[in-house]
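# Report on the structure
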Amino acid sequence: MTQRSKIDTDGGRPGAGTATTGPPVVHRPAGLTSAEVAERIARGEVNDVPVRSSRSTAEIVRANVFTRFNAIIGVLWVIMLIVAPIQDSLFGFVIVANTGIGIIQELRAKKTLDGLAVIGEAKPTVRRDGAAAEISTGEIVLGDLIELGPGDKVVVDGEVAEADSLEIDESLLTGEADPVVKKPGDRMMSGSFVVAGGGAFTATKVGREAYAAQLAEEASRFTLVHSELRTGISTILKYVTWMMVPTAIGLVISQLVVKNNDFKEAIARTVGGIVPMIPEGLVLLTSVAFAVGVIRLGRKQCLVQELPAIEGLARVDVVCLDKTGTLTEGGMDVTDLHPLNGSDETYVRKVLGALGESDPRPNASLQAIIDAYPDTVEWRCTESLPFSSARKYSGASFSEGNGENSTWLLGAPDVLLEPDDPTLPEIDHLNEQGLRVLLLARTTHDLDSPDVTADTRPTALVVLEQRLRPDAADTLAYFADQNVATKVISGDNAVSVGAVAGKLGMPGAEDTVDARHLPTDREAMAEVLDENAVFGRVTPQQKRDMVAALQSHGHTVAMTGDGVNDVLALKDADIGVSMGSGSEATRAVAQIVLLNNSFATLPSVVAEGRRVIGNITRVATLFLTKTVYSVLLAILVVVSQVEYPFLPRHLTLLSTLTIGVPAFFLALAPNKERAKPNFVRRVMRYAIPGGVIAGAATFTTYLLARHHYTGEDALGAETSAATLTLFLVSMWVLAIIARPYTWWRITLVASMAAAFLLVLAVPWLQDFFALKLVGVTMPWTAVAIAAAGAGLLELAWRWVDRRFPA
């Protein structure tokens, strides 16, 4: 049954008309006094839950320093500092530098997030000393009287003190979607939110004692988990560890046997074989890429409440848009008033003015009516029914001051009128122009009657014009260009929604679907959703069902919205995007909040996610190719019972020039390619053949060099030849990864090649890195083998593309 509110005050809002009859005015509770607030603060009865938007500094340092691979490399570094020259310990200094970069970038991201969180923080209205004021949630004390309106979130536990048709949605806590009607004395749970009506409640539990305090703290904390990208990298690292341990043990034993007369050099070459197996920079680079993404979006007033949302939105292939507040601006203007059935326009204006005064928290439509028709008569509101998106109308009963009583409804014409009403064609004509039309109707039933909409007398049509967002058309065009389907899902009249979408040039706007005729079966609904783009008269539950239907067809769905009717759909969507001016409940469940209320910011978020995912996929191939060839070389060395060809300094040089420096630039480069699933498969299908070819080519050169060179310094010459082959094949891997070429990518690859040539040409660098090409035959043989390896790489990767498409 519809809940009504009896109002014994003078109209519900300051400035209402003076009451002429009825019981005496009931005064509102004044709330706590300043002295009582100070006393509670002194006792520590404050809502001091530390809701953080990001990890603490200690957590960031710990996460970057204390990793499994840092521990392994740290032990190896200490060993090398003891047994070998400093140039064989360079890999340790590189790790220190990389870890430092990761910490600095995450601290920058934390600063950005914390600053944005303060801007986007909800400010509940608290009544103290008889006056209402907005304060931060952390300033609420036990016993505070907190006012509520549609869309407000209940921030602490409490007990209802005032209720004006107050309906609370507790679905985020209980899973029950139906709103609960609250009356004075009822319990309020933090984490719920208001869907209709208003009131106030007294805080009975604050801080960590509140029901949802811990839940809210966890939900709003900066996190790096639940990401396909990071999960994929963790899976890869797990397999790498399994491969690395037995291979490293075999390498240690074989080198001690082969180099039994030189323990220190055996240890150095063993470490040289183990270190490159570890893709230590991959996790770091992923964290840096995400952190840089947060900073870039923060500059555009976009608050990323859960970090993987950057990645998630890049994977989205369907964006569901709420029309009001997303495609249109929040404000509206009354453009016309059409009296019906011979109604007197002057009287209609009085009714509209009184209706405006009857609602203490008007929505955008009612606010436009208030602005156009101020209340100037002495009407007293005796009952009120606040607007809800499920009903699609609001209402009020009045004592008109002359002994007359009347009850009025204001809402959607196609809900309040019969399907064959002769007024509907006129309304359709207005809707086709993109105008919003509300019907004012008089009813003979009580507001709490289930038949309140029956036998209504249409009195007037109120025509409203919505303000289109200037950037909406360009944003819709961007999504169309990126092959991301857009669906406008609105509670407004279907024809009106279609007209607005048509003005913005949205494909499919001419075929608008009235959601009241949608099938309830999920599969059938999904088919209709796939075939159409614009939907009107959608209820909040239908929005939720539509998201689930799209997901059932394999779509990754983003939902945008700003109203309380969007909350459930936002919560169920893969990515929820809220406007900064939206309701507090909407901002609480969304992963991304557009603090500048600009729908045009979304392409930036999509682009940032695509940059992160596409680039990390690129550089992961570089890192894991190195891991594969390092493991293969170690196995071949163990099986052949020969000395490991490289010292740590050689592989530090190769890793820096072919992976470390290029990966840093490639990870932060622009990348507009839409994210694809199966990250592990897509990376390993290139890394395995690339690593196998690089390892085989290098070992072939090494074996040929062992037969070619003799004498005391033979091992140094053999190592130099093998290093040349490995560098050239690795450079070809980099050259393939860097495609498609731009001027800076070509410059990057050329610079790395020039740096290696510099090492080979400058005597003191030759000595430092123990690299010196001897003779002509073997170096050119190394080049020829590398060229053959490069050709095989091209063939292998093209075959992989055909045989295992992404």
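Just so it is clear, the structure is predicted and the values come from calculations on it, not from any experiment. (Residues numbered from 1 in each chain as written. Predicted model: local features only at pLDDT ≥ 70, side-chain atom pairs only at ≥ 80, totals over all residues. Heavy atoms only, no water.)

## Re the environment of Asp414
Under the convention used in this document: Helical segments are the DSSP runs of H or I of at least four residues, strand segments are the runs of E of at least two, and each set is numbered from the N terminus. Each residue's exposure class comes from its accessible area (1.4 Å probe, protein chains only) as a fraction of the maximum for that residue type: buried when under 20%, exposed when over 50%, partly exposed otherwise. In this description, contact between two residues means that some pair of their heavy atoms is separated by no more than 4.5 Å. Distance and chemistry together define a polar contact, namely a pair of N or O atoms within 3.5 Å, with one atom able to donate a hydrogen and the other to accept it when in protein, and with adjacent residues in sequence counting only for side-chain atoms on both sides.
By the secondary structure assignment, Asp414 is in helix H13 (residues 413–416). The buried category is assigned to Asp414, whose relative accessible area is 17%. Ignoring sequence-local partners within four residues, the contact set of Asp414 consists of Leu424, Asn493, Arg516 and Arg537. A distance of 3.0 Å separates a polar atom in the side chain of Asp414 from a polar atom in the side chain of Arg516. A distance of 2.9 Å separates polar atoms of two side chains, one belonging to Asp414 and the other to Arg537.

## As for the packing of aromatic side chains
Formally: Each Phe, Tyr or Trp ring, with Trp reduced to its six-membered ring, pairs with another whose centre is within 6.5 Å; inter-plane angles below 30 degrees give stacked pairs, above 60 give edge-to-face pairs, and intermediate values give tilted ones. Each ring is checked for a lysine NZ or an arginine CZ that lies within 6 Å of its centre and within 35 degrees of its normal; such an atom marks a charge sitting over the ring.
Inspection of the entire model under this criterion finds eleven aromatic pairs. Their ring planes at 75° and their centres at 5.4 Å tell us that Tyr239 and Trp242 sit as a pair that is edge-to-face. Taken together, the positions of Tyr239 and Trp242, both in helix H7 (residues 228–258) and three residues apart, correspond to about one turn of that helix. Here Tyr239 falls in the partly exposed class, since its relative accessible area comes to 43%. The class for Trp242 is exposed, based on a relative accessible area of 56%. Between the aromatic rings of Tyr644 and Phe646, the centroid separation amounts to 6.0 Å while the plane-to-plane angle is 75°, which identifies the pairing as edge-to-face. There is no split in this pair, since Tyr644 and Phe646 are both buried. Put simply, the rings of Tyr347, Trp379, Phe398 and Trp408 touch in pairs and so form one group of aromatic residues. Here Lys238 stacks its cationic end above the ring of Tyr239, 5.7 Å away from the centre of that ring.

## Comments concerning the confidence of the model for the chain
Formally: Think of pLDDT as the predictor's per-residue confidence, scored from 0 to 100.
Averaged over all residues, the pLDDT of the chain is 81; the fraction at 70 or higher stands at 89%. When mean pLDDT is compared element by element in the chain, helix H25 (residues 743–761) scores highest at 93, while strand S1 (residues 5–6) scores lowest at 40. A low-confidence stretch, residues 1–26 (pLDDT under 50), is modelled with 60 contacts involving residues beyond four sequence positions or located in other chains. In the model, residues 218–225 has pLDDT below 50 throughout and makes 24 contacts with residues more than four positions away in sequence or in other chains.

## A word on a negative patch on the surface
Which entries qualify depends on this criterion: Patch membership requires over 30% relative accessible area and the absence of a salt bridge. Like charges are linked within 9 Å, and nonpolar side chains (Val, Leu, Ile, Met, Phe, Trp, Tyr) within 5 Å. Note on areas: Shrake-Rupley with a 1.4 Å probe; residue coverage comes only from the protein chains shown. Should a side-chain nitrogen of Lys or Arg be within 4 Å of a carboxyl oxygen of Asp or Glu, the pair is scored as a salt bridge. Only four residue types enter the tally: Lys and Arg on the positive side, Asp and Glu on the negative side, with His and both chain ends excluded. One atom stands in for each charge, and that atom is NZ of Lys, CZ of Arg, CG of Asp or CD of Glu.
On the surface, Asp521, Glu523, Glu527, Asp530 and Glu531 cluster together to form a negatively charged patch. Summarising the element assignment, Asp530 is placed in helix H17 (residues 522–531). Classification of Asp530 as partly exposed rests on a relative accessible area of 37%.

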